[in-house]
Amino acid sequence: MKIKAKVMDKDGIDRALIRIAHEILERNRGTAGLALVGIRTGGVHLARRLSENISKIERVGVPVGALDITMYRDDIASRKRKTPMGKTEIGFSVTGMTIVLVDDVLFTGRTIRAAMDSLMDFGRPKAIQLAVLLDRGHKELPITADYVGKNVPTSNKEAVKVRLIEEDGKDEVLIMEKAEG
Amino acid sequence: MALKKKDLLGIDYLEKAEIEEIISTAESFKEVSTRDIKKVPALRGRTIVNLFFEPSTRTRTSFELAAKRLSADIINISSSTSSVVKGETLLDTARNIEAMNSDMIIVRHSMSGAPMILAKALKSSVINAGDGSHEHPSQALLDLFTIKERLGRVEGLNIAIIGDIAHSRVARSNILCLNKMGANVRLCGPATLIPADIEKMGAKVYFRPEDAIDGADVVMMLRIQMERQKSGLFPGVREYSRFFGLNQERVRLAKEGVIIMHPGPINRGVEISTEVADGPYSVILDQVTNGVAVRMAIIYLLTEGRGAI
């Protein structure tokens, strides 16, 4: 696979996350009853960064949880998993809360479907909203993000690679093209 | 990665990386059992059969709960209430179950090798839940999980297994598993219950429990099967208890922070004293809790990536 384009750099990601933090606060009128839940692994880092941004703006922290949706996927039999199953850590009650799910890329929407099912097993949130760094299109379910860092229409032959400092040592979003043949 | 083989017949057939994958997956599944809603949809629509030809509470219930918490459908068949009493063979029973489209069969049998016969004949995945004196892989894996959880590592630890080594499938699976993970295994018991050449499996034999326990990080006691006394392999329960039973005095010889394990069911006052079994070093009930998470991981990983069966 070769790099076709770099669609976001560190500054771009930082600015998008500051804007999304403001949008979350504006839409929910502050931090009351608000919690962020990141989808492993990229979404967890982004959720932590959003929480930091929110506490800088409002001087109030919001709880952050982590969700591993492997056990909720709809393709266990056909899928060859590459990353080990991670832990789900939600250290607060979700019942009655407005939960902002955070993921790096919105693609088919199946991950988000699984994440919503998983979240519902922990309680009954008042509302679930979705924040993603990148919306690449090709959704297969009626799921739309409430907060989007950047919309990047892609073709099915392309892959999106989100690199984050916490995992990869640098922040960038790349569009990769699968090699011919 | 998923497991390479269709079945889990013993630790002998697992690679170290596969064991590590089972343990790390079980760490994730352990959280599910602490929720209010103790269920995830991973194996919705799968059919699993518990086929038990020997009595069992812990293992059968543990597999049943593991399957249910993964949303699989599981049914229990025990030999006493099945057509086995009418003379049906093991293979015929299993083929009939599979004809009803089971995906996985969990089998316990008094004959070593019975699960392998089924694994070869059936398309379903077969899990060995204990066969004769051969292996009990899920027990060794949950023991490994408990040791790692409590002590943070396994490599380099001194682990004493004390009791009837000769007839114990738990001991065999643990020797294999702990060796693969780099622990030093010590075995101890009456000479009549230690098989010749067992050291070839990679373990050191001691005939005094004091020597086996000295400086040990883990002491694993095995259940002494009362029926062995009748066959003359040891003189008496009280004598066994005096010479080999784990009491507080003997626990003091172990390393500080030692953990005491037992696969259950325990004979209080025989191989383990009540003070030790219920004492601060005992992790016997943690083993039971972890058993469900480890069995969820085994069932899940055997299903993953296998397509429609």
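Model, not experiment: these values are computed from the prediction.

(A) Just the overall build of chain A, in detail. The number of helices and strands found in chain A is four helices and eight strands. For chain A, the succession of helices and strands along the chain, N to C, is β-α-β-α-β-β-α-β-β-β-α-β. Compactness check: chain A gives a C-alpha radius of gyration of 16 Å against a globular reference of 16 Å for 181 residues, within 12% of the reference. Expressed along its principal axes, the backbone C-alpha trace of chain A runs to roughly 50 × 40 × 30 Å. Going through the 181 residues of chain A one by one, you find that 51% of them count as buried. Within chain A, contacts between residues at least 6 apart in sequence are counted, and of these 70% link residues at least 24 apart. If you sum the accessible surface of chain A, you get close to 9100 Å²; carbon and sulfur atoms cover 49% of it.

(B) Representation of the interface of chain A and chain B. The interface is formed by 16 residues belonging to chain A together with 24 residues belonging to chain B. When the two sides are added together, the surface that chain A and chain B hide from each other amounts to roughly 1800 Å², 53% of it contributed by carbon and sulfur. Run the count over chain A and chain B and you get zero salt bridges. Viewed at the interface, chain B and chain A are joined by four residue pairs in polar contact (both at pLDDT 80 or more). Grouping the constituent residues of the side of chain A that touches chain B by class yields eight nonpolar, three polar and five charged.

(C) Here's a closer look at the layout of surface pockets. Residues and elements named next belong to chain B. Approximately 550 Å³ is the volume found for the second largest pocket. Contributing to the lining of the second largest pocket are 23 residues, with R108, R169, R223, G264 and P265 lying nearest its centre. At the level of elements, α2 (58-69) and α6 (169-180) are the ones that each hand at least two residues to the lining of the second largest pocket. For the lining of the second largest pocket, the class distribution of residues is five nonpolar, eleven polar and seven charged.

(D) Highlighting the pairing of strand β5 (residues 127-135) of chain A. All names here are of chain A. Across the nine residues of β5, seven count as buried, placing the element largely inside the fold. Where strand β4 (residues 98-106) lies against β5, eight bridges are found, and the strand directions are parallel. Bridge pairing links V102 to A131 in β5. Between β4 and its parallel partner β5, the chain crosses via helix α3 (residues 110-120), and the hand of that crossover is right-handed.

(E) Region of the structure containing the side chain of N267(B). Residue and element names in this part refer to chain B. In this structure, N267 sits in the loop between β9 (259-261) and α11 (274-277). Among the polar contacts made by the side chain of N267, one reaches the main-chain carbonyl oxygen of I224 at a distance of 3.0 Å. Dropping the residues within four chain positions of it, N267 is found in contact with R223, I224, M226 and I272.

(F) Quick look at the packing of helix α1 (residues 16-30) of chain B against helix α12 (residues 284-303) of chain B. All names here are of chain B. Where α1 meets α12, the axes come as close as 8 Å, and the angle between the chain directions of the two elements is 120 degrees. The two elements α1 and α12 cross, and the hand of that crossing is right-handed. The residues of α12 that touch α1, namely those facing E21, I22, T25, A26, F29 and K30, are T289, N290, A293, V294, M296, A297, I298, Y300 and L301. Each residue belonging to the contact of α1 with α12 can be placed in one class, and the counts come to ten nonpolar, three polar and two charged.

(G) Representation of α6(B). Residues and elements named next belong to chain B. Across its twelve residues, α6 extends 17 Å between first and last C-alpha, which sits within 8% of the 16 Å expected from 1.5 Å per residue. Counting buried positions over the twelve residues of α6 gives nine, a clear majority of the element. Within α6 the residues assigned to the buried category are R169, V170, A171, S173, N174, I175, L176, C177 and L178.

(H) Quick peek at the nonpolar core. Within the largest apolar cluster, 90 residues are counted, with the highest numbers of intra-cluster contacts made by F29(B), L141(B), I147(B) and I299(B). Beyond its immediate sequence surroundings of up to four residues, L141(B) is in contact with L8(B), I11(B), L14(B), I19(B), I22(B), I23(B), C177(B), V294(B) and I298(B). Judged by nonpolar contacts, the second largest core, of 28 residues, contains L34(A), V105(A), A131(A) and V162(A).

(I) View of the sheet that holds strand β2 (residues 34-39) of chain A. Residue and element names in this part refer to chain A. The strand order β3-β2-β4-β5-β6 describes an open sheet built from five strands, whose pairing is parallel. Both edges of this open sheet fall to β3 (64-67) and β6 (147-151), since each of them pairs with a single strand only. Between one strand and the next, the sheet's axes are offset by a mean angle of 25 degrees, whatever the strand orientation. Bridging between β5 and β6 involves four bridges; their strand directions are parallel. Bridging from a neighbouring strand, D135 pairs with N151 of β6.

(J) Summary view of the pattern of salt bridges. Counted according to the given criterion, the structure contains 27 salt bridges over all chains. We note a salt bridge from R163(A) to E172(A), for which the minimum N-O separation is 2.8 Å. The partly exposed category is assigned to R163(A), whose relative accessible area is 25%. When the shortest N-O distance is used, the salt bridge between K4(B) and E15(B) registers 2.9 Å. One end of the pair, K4(B), is in the segment before α1; the other, E15(B), is in the segment before α1, and eleven residues separate them in sequence. For E15(B), a relative accessible area of 39% corresponds to the partly exposed category. Salt bridges sharing partners connect three or more residues here, namely K6(A), R163(A), K170(A) and E172(A).

Definitions and limits used
Residues numbered from 1 in each chain as written. Chains lettered and ligands numbered in written order. Predicted model: local features only at pLDDT ≥ 70, side-chain atom pairs only at ≥ 80, totals over all residues. Heavy atoms only, no water. Helix = DSSP H or I, 4+ residues; strand = E, 2+ residues; numbered from the N terminus. Rg over C-alpha atoms; globule rule 2.2 N^0.38 Å. Buried < 20%, exposed > 50% of the residue type's maximum accessible area, 1.4 Å probe, protein only. Contact = heavy atoms within 4.5 Å. Areas by Shrake-Rupley, 256 points an atom, 1.4 Å probe, with all protein chains shown as cover. Buried area = accessible area lost by both parts, 1.4 Å probe. Salt bridge = Lys/Arg side-chain N within 4 Å of Asp/Glu carboxyl O. Polar contact = N/O pair within 3.5 Å; in protein donor to acceptor, adjacent residues only side chain to side chain. Nonpolar A, V, L, I, M, F, W, Y, C, P; charged D, E, K, R; others polar. 1 Å grid on protein atoms, 1.4 Å probe; cavity = no way out; pocket = protein on both sides within 12 Å on 5 of 7 lines; lining within 4 Å. Points joined across faces, edges and corners; volume = space filled by probe spheres on them. Pairing = 2+ DSSP bridges. Right-handed = clockwise from strand over helix to strand, strands pointing away. Axes fitted to C-alpha atoms, helices over the stretch in contact; angles between N-to-C directions. Left-handed = near helix turned anticlockwise from the far one by under 90°. Expected span 1.5 Å × (residues − 1). Core = buried A, V, L, I, M, F, W, Y, C linked by side-chain atoms within 4.5 Å.

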